[in-house]
Amino acid sequence: RIHLGAVVVKMAKLLLVEGVLLILCGMGCFAGCYLAQNVIDESINTACLGAAAATDCINEQDPSTAGAPAYTTRQCKMDIKTQLGCKCEDSVFDCECGGSYYEMVENYWPMGCLVLGGVALGICTLLTGIPAVIASQKKMRCCNITLFSTFCAIFALPFLTIGGATTAVAILIRTPESIGIDMSDCEGSVSARINEDAEHVQSTGDAAADAQIEAASALVKSCGAKAFCSGIQGLSGGMFMTVVQIGIPFAVAGLLMTVGMFCCCFCRKQTPDRKVDQQETQVEKFVDES
């Protein structure tokens, strides 16, 4: 009896802790998705930083472009909006985007983030967290454990998938060494990778033309590496934090649900119809008083 009472109390504490953690994870999921509403603007900013860096590099190294106007990030953003269907005049802030793909993305991405965050919050609180907290009490134990475990079994895999995928993206952004990029010499390592993967250009038979092609190829590789490194540095800042804020709470919630889906199996065998006094010494027949 004493052993059974201790098991009941420990299981109740486990369910209580898991329920509270799931509620906190739900809040974290919603907060992360809410902060991800501006990820499109961050991506455009990062891409434009890379494009501007590449253009500046070419202007500096190619004499034929001397005196050419600098390609600014503002001009880059205006070009992106134009390509996505906006009609821009002289400024990125003076664009008519009605009915364009850009407007669709700008409208539906934040809405999608809020919906995902709201659904995650509802699942972690109403469907799993609160039932786990209720199941940790003496009343309606078996019913709520069953409900809790069932919903955990349904939603564990989706949460683990979202959390795992976003966490992997965050690790890739933060540690480009995983794809062979040495951040201590970013441009050099990227140029080396480009040289490894690039196909050798066959000679045209004209020495002057070959020299021009070789120079243009070297310029593109050098400036391309510069643009890539500029983009990586931009991603490793705000974008990294945005992805982490989504990945961690989803992944933790998925792990908690994986554990929770087995609670019903253990509890039904050990504490289906028992309740324990505060001294954990007496186990009495459980009566649903709800």
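Caption draft 1: Examining the overall build of the protein chain more closely. Check the secondary structure of the protein chain and you find eight helices and four strands. Expressed as a percentage of the 290 residues in the protein chain, the buried residues total 33%. Long-range contacts, defined as pairs at least 24 residues apart, comprise 73% of the intrachain contacts of the protein chain with a sequence gap of at least 6. In the structure as shown, the protein chain presents an accessible area of about 16,400 Å², 64% of it carried by carbon and sulfur atoms.

Caption draft 2: Summary view of a nonpolar patch on the surface. On the surface, a nonpolar cluster with roughly 720 Å² of combined accessible area is contributed by L84, Y101, M104, Y108, M111, V115 and V119. Within the secondary structure, L84 is located in the loop between α3 (73–83) and β1 (87–88).

Caption draft 3: View of the nonpolar core. L15, L22, F148, F159, F250, A253 and M257 are the most contacted members of the largest nonpolar core, which totals 26 residues. Residue assignment for this core shows that the elements contributing at least two residues are α1 (2–35), α4 (101–135), α5 (141–174), α7 (207–260) and α8 (263–270). The residues contacting A253, other than those within four sequence positions of it, are L22, C25, C124 and F159. Among the nonpolar cores identified, the runner-up in size contains eight residues, and I44, C48, M78 and C97 belong to it.

Caption draft 4: Region of the structure containing the side chain of E18. With respect to the helices and strands, the residue E18 is situated in helix α1. Given the relative accessible area of 3%, E18 is considered buried. Apart from residues no more than four positions distant in its own chain, E18 is found in contact with F148, L256, M257, V259, G260 and C263.

Caption draft 5: Quick peek at the confidence of the model for the protein chain. On average, residues of the protein chain carry a pLDDT of 76, and 64% of them reach 70 or more. Model confidence for the protein chain, summarised as mean pLDDT per element, is weakest for strand β3 (residues 274–276) at 48 and strongest for α4 at 90. Below pLDDT 50 for its whole length, residues 269–276 participates in 28 contacts with residues either more than four positions away or in separate chains.

Caption draft 6: α4, seen in detail. For α4, spanning 35 residues, the distance from its first C-alpha to its last is 48 Å, which sits close to the expected 51 Å at 1.5 Å a residue. At G129, α4 shows its strongest bend, of approximately 35°, with the proline P131 following within four residues. Every buried residue of α4 is listed here: Y102, C113, G117, A120, I123, C124, T125, T128, G129, P131, A132 and A135.

Caption draft 7: Quick peek at the state of the cysteines. Under the criterion given, the structure shown has three disulfides. Bridging C48 to C76, the disulfide has an S-S length of 2.3 Å. Its torsion about the S-S bond being -80°, the disulfide of C48 and C76 is classed as left-handed. One end of the pair, C48, is in helix α2 (residues 39–61); the other, C76, is in helix α3, with 28 residues separating them in the sequence. Both residues of the pair, C48 and C76, belong to the buried class. Across a sulfur-sulfur distance of 2.1 Å, C86 and C97 are joined as a disulfide pair. Across the S-S bond of C86 and C97 the torsion is about 115°, and the bridge reads as right-handed. With C86 in the loop between α3 and β1 and C97 in the loop between β2 (95–96) and α4, this residue pair connects regions lying eleven residues apart in the sequence. For the pair formed by C86 and C97, the shared burial category is buried. C25 carries a free sulfur, and the closest cysteine sulfur to it, the one in C124, is 6.3 Å from it.

What counts as what
- Counting starts from 1 at the beginning of each chain's written sequence and moves along it residue by residue.
- It should be noted that, the model being predicted, local features are given only for residues of pLDDT at least 70 and side-chain atom pairs only at 80 or more, the latter also being counted only at that level, while totals for whole chains, interfaces and linings use all residues.
- Excluded from the side-chain calculations are hydrogens and water; all other atoms, namely the structure's heavy atoms, are used.
- The numbering of helices and of strands both runs from the N terminus, where a helix is a DSSP run of H or I of at least 4 residues and a strand a run of E of at least 2.
- When accessible area is computed with a 1.4 Å probe and restricted to protein chains, residues below 20% of their type maximum are described as buried, those above 50% as exposed, and intermediate ones as partly exposed.
- Residues are treated as being in contact if the distance between any of their heavy atoms lies within 4.5 Å.
- Methods summary: accessible areas were calculated by the Shrake-Rupley approach with a probe of 1.4 Å, and residue burial reflects only the protein chains presented.
- The patches described consist of residues with a relative accessible area above 30% and no salt bridge, like charges being joined within 9 Å and nonpolar side chains (Val, Leu, Ile, Met, Phe, Trp, Tyr) within 5 Å.
- The salt bridge definition used is simple: a Lys or Arg side-chain nitrogen within 4 Å of an Asp or Glu carboxyl oxygen.
- Throughout this description, the term nonpolar core refers to a set of buried Ala, Val, Leu, Ile, Met, Phe, Trp, Tyr and Cys residues connected via side-chain atoms within 4.5 Å.
- Think of pLDDT as the predictor's per-residue confidence, scored from 0 to 100.
- Multiply 1.5 Å by the residue count of a helix minus one, and that product is the helix's expected span.
- To get the bend at any residue, fit one axis to the seven residues that end at it and another to the seven that begin at it, then take the angle between the two axes.
- Cysteine sulfur atoms that pair up within 2.5 Å are treated as a disulfide.

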